[in-house]
Protein chains: 2
Amino acid sequence: MLFAGENLVAQGHPNLILTKAGVAEIQRSKNSAPLFEQVLELTKKEVDAEIEEGIFVPIPKDMAGGYTHERHKRNFFILQKAGNLYQITGDEKYAIYIRDMFLEYADMYPTLGLHPTMRSYATGKIFWQCLNDANWLVYCSQAYDCIYDFLTEKERQKLEKQLFRPLANFISIENPKFFNRIHNHSAWGNAAVGMIGLVMKDEELIERALYGLKNDGLDNTMLDNDGGFIKIEGQSKAGFLAQLDFSFSPDGYFTEGPYYLRYAMTPFLIFSKALSNNRPNLRIYDYRDGILKKAVFALLNQTDAQGQFFPINDAQKGMSWKAREVIAAVDIAYADFGKNTMLLSVAETQGKVLLDQHGYEVARDLAKGMATKFKQHPVAYRDGANGEQGGVAILRKNNRSDGEICAVMKYSAHGMGHGHFDKLSYALYDESGEVIQDYGAARWVNIDQKGGGRYLPENNTFAKQSIGHNTLVVDETSHYEGSVKKGEANHPDLYFFDASQEHYQIISAKDRHAYPNTEMHRTLVLLEDETFRNPLLIDVFKIRSPEEHQYDLPLWFLGHLLSTNFKYATQTNRLTPLGNNHGYQHLWEEANAQPTTKNAQITWFERGKFFTMTSSVVPNDELILARAGANDPNFNLRHDPVFIQRRQAKSSTFISVIESHGIYNPVAEIPLSPFSGIEAVNILFDNDEYTLVRIKHKNGKAWIFMMANQDTANTSTHKITVEDRVFAWEGVFALKIEK
Amino acid sequence: MLFAGENLVAQGHPNLILTKAGVAEIQRSKNSAPLFEQVLELTKKEVDAEIEEGIFVPIPKDMAGGYTHERHKRNFFILQKAGNLYQITGDEKYAIYIRDMFLEYADMYPTLGLHPTMRSYATGKIFWQCLNDANWLVYCSQAYDCIYDFLTEKERQKLEKQLFRPLANFISIENPKFFNRIHNHSAWGNAAVGMIGLVMKDEELIERALYGLKNDGLDNTMLDNDGGFIKIEGQSKAGFLAQLDFSFSPDGYFTEGPYYLRYAMTPFLIFSKALSNNRPNLRIYDYRDGILKKAVFALLNQTDAQGQFFPINDAQKGMSWKAREVIAAVDIAYADFGKNTMLLSVAETQGKVLLDQHGYEVARDLAKGMATKFKQHPVAYRDGANGEQGGVAILRKNNRSDGEICAVMKYSAHGMGHGHFDKLSYALYDESGEVIQDYGAARWVNIDQKGGGRYLPENNTFAKQSIGHNTLVVDETSHYEGSVKKGEANHPDLYFFDASQEHYQIISAKDRHAYPNTEMHRTLVLLEDETFRNPLLIDVFKIRSPEEHQYDLPLWFLGHLLSTNFKYATQTNRLTPLGNNHGYQHLWEEANAQPTTKNAQITWFERGKFFTMTSSVVPNDELILARAGANDPNFNLRHDPVFIQRRQAKSSTFISVIESHGIYNPVAEIPLSPFSGIEAVNILFDNDEYTLVRIKHKNGKAWIFMMANQDTANTSTHKITVEDRVFAWEGVFALKIEK
């Protein structure tokens, strides 16, 4: 045991998150932190109103979105706030409120069976799933810590015996499926048990939280509600430290993606904070070379220019830096991870701080004008606990004004139950939001009318399928044939990443497992050139197969189609689905075309901007315009458009260029540069070894990309002759400009 | 002649819009007006960059959106600005730039035939339509005025002989169809001819501008490009004063709607300003009891809370207070119409001012902190020159926080060529935008890719049709059978309007002409009650007909359908259009249902809010969910949803209640009040004389509306007995609350 012999009674209360010393400093000088004072006043107002309304501890009954669910959820948020208010203001009404509500919970809890909904793989008691019961305990253990000294010994005994300890046991011993996984749900479970253990100074609970249950009786075939596996083969560790070992890649990337990392950050950070206060010898912040700090910065960086998280895997769009969990992460990271002043500007955007010493420090330093701009940066995150399971790369470059173009390419591991079949897919953003969208999840979180707020059937049948993403689909079949098991067993691999060049950034990755006997190799280049108003995205998608297949390359352009350079036939009078399975059944086929030139071009309009994609096409390619919404009996899907390039071939290469070239303001009604500047996109040379692409502008300038497909050595020299011209370069990739 | 004997040579130059005295005051004290200084700097930067680039006067060739069009358009804007810069800064480079460009125009103009596009009912020379040529002259006459004294006599002669006078004659004498109408196009024509006449002191042009062409040879059958009539029967006057007489209702309402009033305001105000400077005896600002001032305020008031114009008739959405024309209107109105400080807050929103003495005054008084909030108010505007052709009513009420619910009902005259077949239609807004939308026009103004920026075919076949609006359609046929001629000959009538009550506002209007032998009577009530988070909209639509018909009442709810209280059958695998004509061919039928209860409810979600419509239904009603986009070969339409209530009946009454009841933020993911509070909507009593409606909340409270349908006298007393209960009230309308 790491902590044997440590003195558990060294500190008094509060010491879990808020500390005695923190309270003293806040009380001494909160005038110097106006944002903190503002939060204090708002929180008082909010909690006072709740106290005024009275205490409601209803018998649990509803799903998320329903009354009892939302009421209990509100209760734990308010209790945590009331605890901090009691400490900071000294006003006993807050302590009384918490005590009285806790006592009602303590009376009710022993009477509860499992929640009547029985819809979860791990049904809770207060809520429909153990997860929410764990949320309750994470927040309520803080409230308990804050009023610990206010309570009588008898009150404490009653609460611990009837409520806290049984609840902690319920979500751990009685629910190993929930507690003993490597998963964000379990991180909440571990934190909940550990935090109440720290408050109660219950060594057994703390050990259980840190190291998991010894014998969980779980096997490798069990699934959770999202179709994810409970146990991963060959991985038997559990508990909080194992979560830190296995949930993150060495870069702090979280395999479920940023939407879930945001959610998981709370238990990770908050329990770590509690451990740092109460178990300093554990040096939790240094664990795995500072994995928590890396995770916080990776989280903040996986955002568009507005601070909205990339909706990788299952994710509801709109989640951002402003989330409650991110506010907590930013404040704790600022206070405890070296006072990085970029975090202050994020806090400024958030406009809120924690009502504790971390929030106080942030508010104080903001008031001192210490904030610096948070600069999101291009990076290739590795996925997998060992960093060897592919990854996610972000390319981003500014234009001449405040704008930005940002491409996110995903070649990561499957992402467990929340993973999508989207190997080598990408999404594109500008400073105002999505340009080429990732659909996200088919879910309306907590909105009762849509399936009780849970994942909708269309999440499996459409949102997770490959055709719902910007990546290649072979023979109308999703990657790994849509099997989570196969998905979890494989991953693409990084081929090459370089964000160090002045004029371009590049990411290149390969997949050999999504389809049998088939290799996919995608390269994205973000090119900056004075010719273009905005950085240009060049997409080279190579596929290698010994047999002929049908290849579909969808582009989920977001906006209204303005024009194409090809004639299409529109289904004006009758719409039918594009296919029968793997998501195709959800696409209405609206129009199709056969290209007659070497390049196909579509131009669309969104948020006052003109965008054009130009792609190289070959005779017999089919061009399809479709829209989501078919076979959607309950109107669960957004009716978003997609452009699909379809080709019958063995090995083949798709080249596309995406240009944000013009703007239009409906107030001025004057279009600026509404037409694409690209004249032609050609493949100069293409075989297994090398690919050369030429992009020509109407002004005569041209860019030639030269790439070695099988050799990533920087020192290798390459030379090929194309139509009597010699192209020679060193390293994987080179760019040549012709004027 | 009104002006015979007036001394035309009293003032020097400039005196058209910018005046000598104005320049002197600006130069004396522009430091006291930071916004003005800012505009001055930005304008210098903009014009200097143009001067740097050089002068481009290309041979006219392109449609709107194309190079020559946009270049000539840019030229006139820059020339006007350069003129003011010359006067304000005294820097001759601006005068030289104007002179040189004018001389190039003077060399080119005599060589021009009609513009090669030949697409307009009145083709221009510099542009594809006379309208744009007139725009050019309105702006360029100001530039000419500013450099008049800088030019040599010989230069002036050349410009006037080769450019200005021929252009003025071309758009008047040579294009009576364009010049001699009552229409916003002609207002530009009149202003252009009058303004250049004032600069050149050409009495004949001034007279022509004010009083029109004497013999225009026009007849009543001629149409413009929008299908509007050139001449209105029984109306023979023309010229600028006739525009003032006939374009506006006595309240300043403009029959084409606010989008076009915004556009027309420039020639109206700017020529009036020029007349006020140069023909003070005309007292143009007092004309028709101050019609210009009324028009400016009516324009500003026909906006949602964001300052975006209601898209009545043909209108591109997004046009707002921030438009160039509105900036000019606000500045001139502030300076010349009594210094109404509410205008300053609009100017603040605009963030720009005119680069002349009006803009200077606004900026100066803004800097003094004199701005007061512009309060949009409920009002019923009369339409028609005599105010007797129906009108448009706006109901608007705030909620307890900063929110607003605003309903706009249209019972106006047809609105000429830009009118829609939308009698008694309405649209609903909240503080963040549209809730129940008016589709607006099927047009992408100036965007070449979409039909050269002109009205698209779907504007006629869909956007103008009745089913595209929130109003009743009988037998799948648009109002007036879609005939502009019939539309222009008729109009609905106001029945009752009252915005003076504390708890409700009401508008009620009748139509007897849209369908033969049929009367439609719609009443909207905006109800404020502490029970509701936001004011509630109640819609009572009575139809009276001796024969059985099919009635369709569409609701263009904007957002994503969340739920319904009825089971519907969705077309999951195949979509077909809802009908064949009158806009129905453009609707995909997505689902339909037969209600089994007395109320049909749909709930939708948009911009983080939950909305519910509850309507009374009868057995055999059909409920249809459809979406625009069918028979749209070029993807010109937005794929927006609509809910249609369909009923077979003779006389019948539709009751609907719309409630904005809940909110949801994707960052917090906690829905607040996601369910409607309405338990039931019933018709208690309904005949030709009286209609009684009861709306019941889940909390037990109920509201009873009692209305006399044939008697608007405030003093009448009414009494009816319904199931032994006696209802008695005085006046047209009464509200009774039951708890």
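Residues numbered from 1 in each chain as written. Chains lettered and ligands numbered in written order. Predicted model: local features only at pLDDT ≥ 70, side-chain atom pairs only at ≥ 80, totals over all residues. Heavy atoms only, no water.

Asks: Outline the environment of Gly189 of chain A, listing residues and values.
Replies: Residues and elements named next belong to chain A. Within the fold, Gly189 resides in helix α8 (residues 184-200). Take Gly189: its relative accessible area is 0%, and that puts it in the buried class. Gly189 sits 14 residues away from Asn175 along the chain, and the two C-alpha atoms are 9.8 Å apart. Excluding its chain neighbours within four sequence positions, the residues that come into contact with Gly189 are Ala134, Ile171, Phe178 and Phe179. (Helix = DSSP H or I, 4+ residues; strand = E, 2+ residues; numbered from the N terminus. Buried < 20%, exposed > 50% of the residue type's maximum accessible area, 1.4 Å probe, protein only. Contact = heavy atoms within 4.5 Å.)

Asks: Outline the packing of aromatic side chains, supporting the account with residue identities and numerical values.
Replies: The full count for this structure, using the stated rule, is 72 aromatic pairs over all chains. Residues Trp444 of chain A and Phe605 of chain B carry aromatic rings whose centres are separated by 5.6 Å and whose planes lie at 90° to one another, so their mutual orientation is edge-to-face. Taken together, the residues Trp444 of chain A in the loop between β5 (433-436) and α16 (457-463) and Phe605 of chain B in strand β15 (residues 599-606) connect one chain to another. Taking relative accessible area as the criterion, Phe605 of chain B reaches 12% and is therefore assigned buried. With a centroid separation of 6.4 Å and 70° between ring planes, the pair formed by Phe566 of chain B and Tyr568 of chain B is classed as edge-to-face. Ring-pair connections join several aromatic residues into one group, and the members of that group are Phe102, Tyr105, Trp136, Tyr144, Tyr148 and Phe164 of chain A. The side chain of Arg262 of chain A reaches across the aromatic face of Tyr259 of chain A, ending 4.5 Å from its centre. (Phe/Tyr/Trp six-rings, centres within 6.5 Å; stacked < 30°, edge-to-face > 60°. Lys NZ or Arg CZ within 6 Å of the ring centre and 35° of its normal.)

Asks: Could you give an account of the pairing of strand β2 (residues 390-398) of chain B, with specific residues and numbers?
Replies: Note on strand geometry: in a regular strand, side chains alternate between the two faces of the sheet. Residues and elements named next belong to chain B. With eight of nine residues buried, β2 is to be regarded as a mostly interior element. With nine bridges connecting them, β2 and strand β3 (residues 404-412) associate as antiparallel partners. In the sheet register, Asn398 faces β3, and the bridge partner there is Glu404. In this structure, the hairpin formed by β2 and β3 is closed by a connection of five residues. (Pairing = 2+ DSSP bridges.)

Asks: Please provide a residue-by-residue account of helix α14 (residues 342-350) of chain B, values included.
Replies: All names here are of chain B. Within the span of α14, buried status applies to Leu343, Leu344, Ser345, Val346, Ala347 and Gln350. Summarising the contacts, the buried residues of α14 are in contact with α12 (287-301), α13 (324-336) and α15 (357-367). Once α14 ends, the next one or two residues include Gly351, with phi positive near 70°.

Asks: Describe the sheet that holds strand β3 (residues 404-412) of chain A, and please don't skip the residues or the numbers.
Replies: All names here are of chain A. The sheet built from five strands is open, its strands ordered β1-β2-β3-β4-β5 with antiparallel pairing. Where the open sheet ends on each side, the last strands, each with one partner, are β1 (379-382) and β5. Direction aside, the axes of adjacent strands within the sheet are offset by 20° on average. Where β1 lies against strand β2 (residues 390-398), four bridges are found, and the strand directions are antiparallel. Paired with Arg382 across the two strands is Gly391, which belongs to β2. Where helix α12 (residues 287-301) meets the sheet, its contacts fall on β1 and β2, and the angle it forms with β1 comes to roughly 130°. (Axes fitted to C-alpha atoms, helices over the stretch in contact; angles between N-to-C directions.)

Asks: Explain the nonpolar core to me, and be specific about the residues and the numbers.
Replies: One finds Phe102, Trp136, Tyr144, Phe164, Ile171 and Phe271 of chain A to be the most contacted residues of the largest nonpolar core, which totals 138 residues. Residues in contact with Ile171 of chain A, not counting those within four places in the same chain, are Cys130, Asp133, Ala134, Leu137, Phe178, Phe179, Gly189, Ala192 and Val193 of chain A. Counting 137 residues, the second-largest nonpolar core is a separate cluster that includes Phe127, Leu213, Val326 and Val445 of chain B. (Core = buried A, V, L, I, M, F, W, Y, C linked by side-chain atoms within 4.5 Å.)

Asks: Outline the pairing of strand β24 (residues 725-730) of chain A, listing residues and values.
Replies: Residue and element names in this part refer to chain A. Pairing between strand β23 (residues 717-722) and β24: six bridges, direction antiparallel. Looking at β24, one finds that Ile720 is bridged to Phe727. Here β23 folds back onto β24 in antiparallel fashion, the turn holding two residues, of which Glu723 has a positive phi close to 45°.

Asks: Talk me through the sheet that holds strand β25 (residues 733-738) of chain B; I want residue IDs and the actual numbers.
Replies: Residue and element names in this part refer to chain B. On the basis of which strands lie adjacent, the open sheet formed by four strands has the order β20-β21-β22-β25 and antiparallel pairing. With partners counted over all chains shown, the strands left at the sheet margins are β20 (678-686) and β25, one partner each. Within this sheet the neighbouring strands show an average axis-to-axis angle of 15°, counted without direction. In this structure, strand β22 (residues 702-708) lies alongside β25, joined through six bridges in antiparallel fashion.

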